Amino acid sequence: MLLSLTLLSMAAVTDIRCFQISNRLVVSGLFSGCVLQILQRGAGGIGVFLINVSIPVILFYLLFLIRALGAGDIKLFSIIGGIWGFDVLCTTIAAAFLAAAFMSLGKILFHRNFISRLQIFAAYMEQTLASGKLLKYPQDSQDRHHVIHFSISILIGYAIAMEVTY
């Protein structure tokens, strides 16, 4: 538990500082998860590890394509799946998205931009439906009021998962 908590905390700090999650940190987490699965299950742990690491990639690929979720965030979910397994991964995912929803609502209320965010979303949906293609969600690199560091939500979700699961 301490290993996962440390990795997720470091990821959140680097995400806040540089809007990025270090690939070294990700590789460390994935390597640790693989070793732990092998120690717990023997050679069969490799298959369990690969399945649990793949689940977030498969689930969130569309969110990645429209830039609603970053690659680093998906990798963090993969680390959790690789280290802990399916139950903790699912609980973490659910809790993380709930935490992100509350963070987003708080940010919108704080910046008082609820109407403008709804207008941007409506315009995005209109363009996506009219084009018949999956478009990238609009981002303004100058205005980061709408940015949520999802790594923080994942950290919160993981803490909740540990309380619920163990």
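For every chain, the first residue of the written sequence is number 1, and numbering continues from 1 onward in sequence order. Since the coordinates come from a predicted model, pLDDT governs what is reported: local features require at least 70, and pairs of side-chain atoms require 80 or more to be given and counted, while whole-chain, interface and lining totals use all residues. Excluding hydrogens and water, the side-chain figures rest on all heavy atoms present in the structure.

A.B. asks: Before we go on, may I ask you to explain the packing of aromatic side chains in this structure?
C.D. replies: When we look at a pair of aromatic rings, we describe it by the centre distance and by the angle of the planes. In this scheme Phe, Tyr and Trp rings, the latter by its six-membered ring, pair at centre separations within 6.5 Å, and the angle between planes marks the pair as stacked below 30 degrees, edge-to-face above 60, and tilted otherwise. Enumeration according to the criterion identifies seven aromatic pairs in this entry. Each ring, one from Phe60 and one from Phe97, has its centre 5.5 Å from the other, and the planes form 40°; the classification is tilted. Placement of the pair is Phe60 in helix α3 (residues 44-65) and Phe97 in helix α5 (residues 86-111), with a sequence separation of 37 residues. Note on exposure labels: buried denotes an accessible area under 20% of the residue type's maximum, exposed denotes more than 50%, and partly exposed covers the range between, all computed with a 1.4 Å probe on protein chains only. Judged by its relative accessible area of 6%, Phe60 falls in the buried class. The numbering of helices and of strands both runs from the N terminus, where a helix is a DSSP run of H or I of at least 4 residues and a strand a run of E of at least 2.

A.B. asks: Would you mind going over the packing of α3 against α5 with me for this structure?
C.D. replies: Between two packed helices, both the angle of their axes relative to each other and the distance between the axes serve to describe the pair. Interhelical geometry of α3 versus α5 gives an angle of 30° and a closest axis separation of 10 Å. By the angle between their directions, the pair α3 and α5 is classed as roughly parallel. The handedness of the crossing between α3 and α5 is right-handed. Residue-level inspection shows Asn52, Ile55, Pro56, Leu59, Phe60 and Leu63 of α3 in contact with α5, the latter providing Phe86, Leu89, Ile93 and Phe97. Taken together, the residues of the contact of α3 with α5 sort by class into nine nonpolar, one polar and no charged. Axis lines are fitted through C-alpha atoms, for helices just across the contact stretch, and the angle between N-to-C directions can take any value from 0 to 180 degrees. Should an angle fall under 35 degrees it is taken as roughly parallel, and over 145 as roughly antiparallel, whereas 65 to 115 is taken as roughly perpendicular and any remaining angle as oblique. In this scheme, a crossing is called left-handed if the near helix is turned counterclockwise away from the far one by less than a right angle; it is called right-handed if the turn is clockwise. In this analysis, two residues are considered to be in contact whenever any of their non-hydrogen atoms come within 4.5 Å of each other. When residue character is reported, Ala, Val, Leu, Ile, Met, Phe, Trp, Tyr, Cys and Pro are called nonpolar, Asp, Glu, Lys and Arg charged, and the others, Gly included, polar.

A.B. asks: Hey, could you run me through the nonpolar core in this one?
C.D. replies: What tends to happen in soluble globular proteins is that the nonpolar side chains get buried as a cluster. Counting 25 residues, the largest nonpolar core has Leu76, Phe77, Phe150 and Ile154 as the members making the most contacts within it. Contributing elements (two or more residues each) for this core: α1 (2-18), α2 (23-41), α3, α4 (71-84), α5 and α7 (150-165). Broken down by element, this core gets its largest block of residues, six residues, from α4. Phe77 has contacts with Pro56, Phe60, Leu89, Thr92, Ile93, Ala96, Phe97, Phe150 and Ile154, leaving out every residue within four places of it along the chain. As used in this record, nonpolar core signifies buried Ala, Val, Leu, Ile, Met, Phe, Trp, Tyr and Cys residues forming a set joined through side-chain atoms within 4.5 Å.

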